[in-house]
Amino acid sequence: MVTTHNLGFPRIGAQRELKFALESYWKGQSSRAALQQVGQQLRQQHWADQAALDWAPVGDFSFYDQVLDMSFTLGHLPERVRGHEGDVLDNYFRVARGRSAPADPGAGHAACCAGVAAGEMTKWFDTNYHYIVPEFTATTTFQLDASRLLAQWAEARAQGVKAKPVLIGPVTYLALGKAKDGSDRLALLERLLPVYAQLLDTLAAQGAEWVQIDEPILVTELDADWQHAFNTAYHHLKSAKVKLLLASYFGSLQENAYLAANLPVAGLHVDAINDRDGVRPLINLLPAHKVLSLGVVNGRNIWKTDLNATLDWLEPLAEQLGPRLWIAPSCSLLHVPVDLASEQKLDADILSWLAFARQKLAELQLLAQALNHGRASVREALDANRAALAARRASTRVHRPEVQLAVSKITRDLGQRETPYPQRAPKQAALLRLPKFPTTTIGSFPQTAEIRRARSDFKAGRLDAAGYQAAMRAEIERAVREQEALGLDVLVHGEAERNDMVEYFGEQLDGYAFSQFGWVQSYGSRCVKPPILFGDIRRPQPMTVAWTTYAQSLTDKPMKGMLTGPVTILNWSFVRDDQPRSVSCLQLALAIRQEVLDLERAGVRVIQIDEAALREGLPLRRAQWPVYLDWAVESFRVAANGVRDETQIHTHMCYSEFNDIMAAIADMDADVITIETSRSDMELLDAFDDFRYPNEIGPGVYDIHSPNIPTEQHMVALMKKAAERVPAERLWVNPDCGLKTRQWPEVIPALTHLVAAAKTLRAEC
Ligand code: GLN
Ligand code: ZN
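Because the structure is predicted, anything quoted here is derived from the model rather than measured.

1. Concerning the packing of aromatic side chains
Throughout the structure, instances matching the rule amount to 19 aromatic pairs. Plain terms: the ring middles of Phe 125 and Phe 250 are 5.8 Å apart, the flat faces sit at 50° to each other, and that makes the pair tilted. Residue Phe 125 is located in the loop between strand E3 (121-123) and strand E4 (130-132), and its partner Phe 250 is located in the loop between strand E9 (243-247) and helix H10 (257-262); the two are separated by 125 residues in the primary sequence. Ring plane angle 90° and centroid distance 5.3 Å describe the contact between Tyr 504 and Phe 505, whose orientation is recorded as edge-to-face. Take Phe 505: its relative accessible area is 0%, and that puts it in the buried class. Grouped by ring-pair contacts, the aromatic residues Tyr 25, Trp 26, Tyr 64, Phe 72, Tyr 92 and Phe 93 constitute a single cluster. It is Lys 162 that lies over the ring of Trp 55; its NZ or CZ is 4.4 Å from the centre.

2. Some words on the coordination of the zinc ion (ligand 2)
Note on the zinc ion (ligand 2): its protein donors are His 652 (NE2), Cys 654 (SG) and Cys 737 (SG). The metal-donor distances range over 2.1 to 2.2 Å. Here the donor residues for the zinc ion (ligand 2) map to a single chain with the spacing H-x1-C-x82-C. The exposure class assigned to His 652 is buried, which follows from its relative accessible area of 2%.

3. Re the pattern of salt bridges
Pairs may arise between side chains of opposite charge once their charged atoms sit close together. Taken as a whole and judged by the stated rule, the model has 45 salt bridges. Taking the shortest distance from any N to any O, the salt bridge between Glu 315 and Arg 375 comes out at 2.8 Å. Residue Glu 315 is found in helix H12 (residues 307-321), and its partner Arg 375 is found in the loop between helix H14 (357-373) and helix H15 (379-394); the two are separated by 60 residues along the sequence. In this structure, Lys 459 engages Glu 507 in a salt bridge whose closest nitrogen and oxygen atoms are separated by 3.4 Å. Of this pair, Lys 459 sits in helix H18 (residues 449-459) while Glu 507 is found in the loop between helix H20 (503-506) and strand E13 (510-513), placing the two residues 48 residues apart along the sequence. Relative accessible area serves as the criterion here: at 39%, Glu 507 is assigned to the partly exposed category.

4. Regarding the site of ligand 1
Residues in close proximity to ligand 1 total 13 residues, the closest being Ser 444, Glu 495, Asp 610, His 652 and Cys 654. The separation between an oxygen atom of ligand 1 and a polar side-chain atom of Ser 444 is 2.7 Å. Protein burial of ligand 1: of its 290 Å² of free accessible surface, 93% is covered by the chains.

5. Topic: the UniProt feature "binding site: 5-methyltetrahydropteroyltri-L-glutamate" (unreviewed entry) in the chain
In this numbering, the UniProt entry assigns the feature "binding site: 5-methyltetrahydropteroyltri-L-glutamate" (unreviewed entry) to Arg 16, Glu 17, Leu 18, Lys 19, Lys 123, Arg 526, Cys 527, Trp 572 and Glu 616. In sequence the annotated residues extend across 601 residues, and in space they extend as well, their farthest C-alpha pair lying 28.3 Å apart. Mapped onto the secondary structure, Glu 17 falls in helix H1 (residues 17-26). Using a relative accessible area of 30% as the deciding quantity, one classes Glu 17 as partly exposed. Setting aside residues no more than four positions away along its own chain, Glu 17 makes contact with Ile 12, Val 38 and Leu 42. At 3.3 Å, the side chain of Glu 17 and the backbone nitrogen of Ala 14 are in polar contact. Mapped onto the elements of the fold, Arg 526 is located in strand E15 (residues 526-528). Classification of Arg 526 by relative accessible area gives partly exposed; the value is 47%. Those residues in contact with Arg 526 that sit more than four places away from it in its chain are Val 520 and Gln 521.

6. Quick word on the environment of Asp 736
Relative to the helices and strands, Asp 736 is located in the loop between helix H26 (712-725) and helix H27 (744-764). Remark: the alpha-carbon pair of Asp 736 and Ser 678, spanning 58 residues in sequence, is separated by 6.7 Å. Sequence-distant contacts of Asp 736, that is, excluding residues within four places in its chain, are made with Ile 442, His 652, Ile 675, Glu 676, Thr 677, Ser 678, Gly 700, Val 701, Tyr 702, Asp 703, Ile 704 and His 705. A distance of 3.0 Å separates a polar atom in the side chain of Asp 736 from the backbone nitrogen of Thr 677.

7. Structural notes on the UniProt feature "active site" (unreviewed entry) in the chain
According to UniProt, the feature "active site" (unreviewed entry) maps to His 705 in the numbering used here. Relative to the helices and strands, His 705 resides in the loop between strand E22 (696-699) and H26. With residues up to four places along the chain from it excluded, the contact list for His 705 reads Glu 676, Arg 679, Asp 736 and Arg 742.

8. Thoughts on the side chain of Asp 645
You can see Asp 645 is positioned in the loop between helix H24 (625-640) and strand E20 (648-653). Looking at Asp 645, its side chain comes within polar contact range of the side chain of Thr 419, at 3.0 Å. Ignoring anything within four residues of it in the chain, the contact list for Asp 645 reads Arg 417, Glu 418, Thr 419, Arg 424, Lys 427 and Gln 428.

About the criteria used
- Residues numbered from 1 in each chain as written.
- Chains lettered and ligands numbered in written order.
- Predicted model: local features only at pLDDT ≥ 70, side-chain atom pairs only at ≥ 80, totals over all residues.
- Heavy atoms only, no water.
- Phe/Tyr/Trp six-rings, centres within 6.5 Å; stacked < 30°, edge-to-face > 60°.
- Helix = DSSP H or I, 4+ residues; strand = E, 2+ residues; numbered from the N terminus.
- Buried < 20%, exposed > 50% of the residue type's maximum accessible area, 1.4 Å probe, protein only.
- Lys NZ or Arg CZ within 6 Å of the ring centre and 35° of its normal.
- Donors = N, O, S within 2.8 Å, 3.2 Å for Na, K, Ca; no water.
- Salt bridge = Lys/Arg side-chain N within 4 Å of Asp/Glu carboxyl O.
- Near = heavy atom within 4 Å.
- Polar contact = N/O pair within 3.5 Å; in protein donor to acceptor, adjacent residues only side chain to side chain.
- Areas by Shrake-Rupley, 256 points an atom, 1.4 Å probe, with all protein chains shown as cover.
- UniProt positions renumbered as here; feature names shortened; annotations may be inferred.
- Contact = heavy atoms within 4.5 Å.

Spelled out as structure tokens, the structure:
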């Protein structure tokens, strides 16, 4: 008999109940007890959803972040929040979100009421989820606090759940953290392991039989020290009185397969979606007493599993492994929306191709049923699955021969500018006639309450198209007038009409669909609703030309056309799984290319193509980076580089780590790149020094993530640092990112200082 289990369930709630409960608690509008109650109801609901499984996870629920939960369990809090005497949950939120200091904490309150910096956040492997980074120093110590886990365990048991506690493993935990003092994190392993051992014993004493211990860093390249750490850790833990299921996911074990197979644990979970080919060799390595859990339902996307094909592959394995075979989703379902049944508006075809978390668990159940009792026992469901997949394969909405033909005709020439930068730059300069240190912004201006109201009124049918257009035009005019008054050199229309930089384009492209409730947690209470790229991409008509030309008609200054690049659109969507991502990306590139050429034809002289998420798409293993970068850069080039020499292409990226991908960034061959640097004090510009980045650069000097208004002097000083690394003739002056989350009263003085800074620089450099 095959055993079924799940690695984790989304905790935000099918209707984002947790988000709303958290935000209301944080605003002081509801009590801690009310929040706790929502948490409990969600856990109970989620266990009920998983009732058919042989093992359901416990401890996967989190009020903010599972890594922060683990830090609390290990008694490992940042120095700055220790000794806090209030409620534990409040202290937990202080680490998660930080707390600003009141203007005047009052005498004697400096210690308890001073501000607390939020923990740093970073991406959880290659997902869009962000965790709170554990902070280590050479003197870090650990002390068990199993209270959260035990409370959830007791709840699960009271509900009659066959529960399997879920922990982040010690090696991954250390790997996810940062040593604040530059010390060696691995040196802490010795101190960490006794706490893990104690935790496992505690769980055993409560009756836990299996514990899932997540070590996803097993799918990344590990050097000898980290490999050794795995051996040390699991030999230390092998005397625990629970059975350990070591879980790897998000990729393939490859050279770590031998290590993973031979650690002294009772079972191993692997991602059989990403690495089906690795499973058979792994079975040969696996000691005969061990359970092998195969992740056979994709936990990272929203497509139905091909159940019949999966069974074709699984049946012989089930025969071979017998009761040692477990099956599960490939990873925690945290990364998919909760329930497809909530969707009222998706069209029936597309709906029939999808599976969210609840549906994925039902698929798992069907697979188990078929393995345990024969396919005939679930014949109807298997036939329905086959029919849905066949309809998808045959759908003319998915497959558009003309798009496939266009992609097949892409040659390297298509992504090639007419002449190299040194030849085309003077032509652009002659046309644009910009001063030295030209000023611009990244695209969006504040999304005011009026803008949001007009958009929601329009969507709800309370405002007609003409009324909506008039409202947006008024906002564009306002943005243009403000920019002229500020004296900026290259203007933008302000993006008032865009709800989101990806959704806006997805909504206008054939091949995209949108869910109503397809929310996925990004961090804390923040969720994103990725659009669904289901078919070949076609641009039926221009998407931005009318707004941009209207904006240009209001001013003599150059107006930047503003587009989102193909790689970013791809990386922020749920992407079809029936062709390589590179093909979908090139299709998007062709659609954006048409838009670029239409903008150029309409007289737009500067076009910015944002690639905010290019870096995010990097594979976990460095060995795979070149392949990704190759098609990602090619896609950008196809989108951008069909223009004449005189047209200036900008791109924007919301980060400043370029050292390791500089060659690829330079290869995109944008005339100007604007990046985020203001918080790193320009140090990160090192990657862009004279020899490595050949074109123009706008290092952000205004940190738009903060309400602070930077002074002219501050920005001048930052730009002077930049000028030490990049010739002044190639520098632009601009903010870090778009201004949509800021308010006009912040933006006006900040940009006034920015323009003044540029003037000072022109005089002094
Ligand atoms: N043009 C976009 C804006 O200004 C860029 C946003 C981003 O890079 N995330 O809002
Ligand atoms: Zn940005």
